[in-house]
Amino acid sequence: QVQLIETGGGVGHAGGSLRLSCAASGRTVSSYAMGWFRQAPGKEREFVAGISGSGGRTIYADSVKGRLTISRDNDKNTVYLQMNSLKPEDTAVYYCAADSSPFSRIVVTTRLSDYDYWGQGTQVTVSS
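About the criteria used
- Residues numbered from 1 in each chain as written.
- Predicted model: local features only at pLDDT ≥ 70, side-chain atom pairs only at ≥ 80, totals over all residues.
- Heavy atoms only, no water.
- Helix = DSSP H or I, 4+ residues; strand = E, 2+ residues; numbered from the N terminus.
- Buried < 20%, exposed > 50% of the residue type's maximum accessible area, 1.4 Å probe, protein only.
- Polar contact = N/O pair within 3.5 Å; in protein donor to acceptor, adjacent residues only side chain to side chain.
- Pairing = 2+ DSSP bridges.
- Axes fitted to C-alpha atoms, helices over the stretch in contact; angles between N-to-C directions.
- Contact = heavy atoms within 4.5 Å.
- Disulfide = S-S within 2.5 Å.
- Core = buried A, V, L, I, M, F, W, Y, C linked by side-chain atoms within 4.5 Å.
- Salt bridge = Lys/Arg side-chain N within 4 Å of Asp/Glu carboxyl O.

## Thoughts on the side chain of R67
With respect to the helices, strands and loops of the structure, R67 is situated in the loop between β6 (58–60) and β7 (68–73). Take R67: its relative accessible area is 9%, and that puts it in the buried class. Side chain to side chain, R67 and D90 meet in a polar contact 2.8 Å long.

## Here we look at the sheet that holds β7
Backbone hydrogen bonds hold the strands of a sheet together, and the pairing may be parallel or antiparallel. Strand order in the open sheet made by the 4 strands is β1-β3-β8-β7, with antiparallel pairing throughout. Both outer strands of the open sheet, β1 (3–7) and β7, are each paired with one neighbouring strand and no more. In this sheet, neighbouring strand axes are inclined to one another by 15° on average, regardless of whether the strands run parallel or antiparallel. Here 5 bridges tie β1 to strand β3 (residues 18–25), and the two strands are oriented antiparallel to one another. Each residue of the ladder has a partner; that of L4, found in β3, is A24.

## What to know about the environment of I106
With respect to the helices, strands and loops of the structure, I106 is situated in the loop between β9 (92–99) and β10 (117–118). The exposed category is assigned to I106, whose relative accessible area is 58%. Taking the C-alpha atoms as reference points, I106 and K76, separated by 30 residues in sequence, lie 19 Å from one another. Excluding anything up to four places from it in sequence, I106 contacts S52 and R57.

## Considerations on the pairing of β3
Bridge count for β3 against strand β8 (residues 78–83) is 6 bridges, and the pairing is antiparallel. Looking at β8, one finds that L18 is bridged to M83.

## A look at the environment of L112
Inspection of the secondary structure assignment puts L112 in the loop between β9 and β10. Taking C-alpha positions, L112 is 10.0 Å from W36, a pair spaced 76 residues apart along the chain.

## Concerning the state of the cysteines
If you walk through the whole model with that rule in mind, you get 1 disulfide. Two residues, C22 and C96, share a disulfide whose sulfurs are 2.0 Å apart. Judged by the sign of its S-S torsion, about -80°, the cystine formed by C22 and C96 is left-handed. Separated by 74 residues along the polypeptide, C22 in strand β3 and C96 in strand β9 bring together distant segments of the chain.

## Examining the nonpolar core
For soluble globular proteins, nonpolar side chains are generally found buried alongside one another. Membership of the largest hydrophobic core comes to 35 residues, with the highest contact counts inside it found for L4, M34, W36, V48, L81, M83 and Y94. Listing elements by their share of this core, those giving two or more residues are β3, β4 (33–39), β5 (46–51), β7, β8, β9 and β11 (122–127).

## Remarks on the pattern of salt bridges
This structure, assessed with the given rule, holds 5 salt bridges. Taking the shortest distance from any N to any O, the salt bridge between K65 and D62 comes out at 3.1 Å. Comparing K65 with D62 shows no difference in burial state: the two are exposed. Look at the salt bridges and you will find they share partners, linking R38, E46, R67 and D90 into a network.

Structure follows, in structure tokens:
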């Protein structure tokens, strides 16, 4: 089993920055694709960013391209989401997730159903 713990959420100002971390325990996730998703009040959970197990491939939702950056440190079993140029519409609970499928070392997907393990989420609130 993999446990994922997100930290780094809080209140940010529009135009500011926050950095989210997702620490994995129970098993190394170095070969797993990792993703960040978010869910705003009254909305469905949506894909934000993903990174392959090797770190060689990243994908982003159009709404965050150029502002959010996903990265990983496999030695620390940790994934990060650097959030710059924050917007009020970034306000949501952010979830970290792991995809343990055999090809996830080189492939990363946007589909929620492809991710096996989920964290509890961390709240990000952006004030205007």
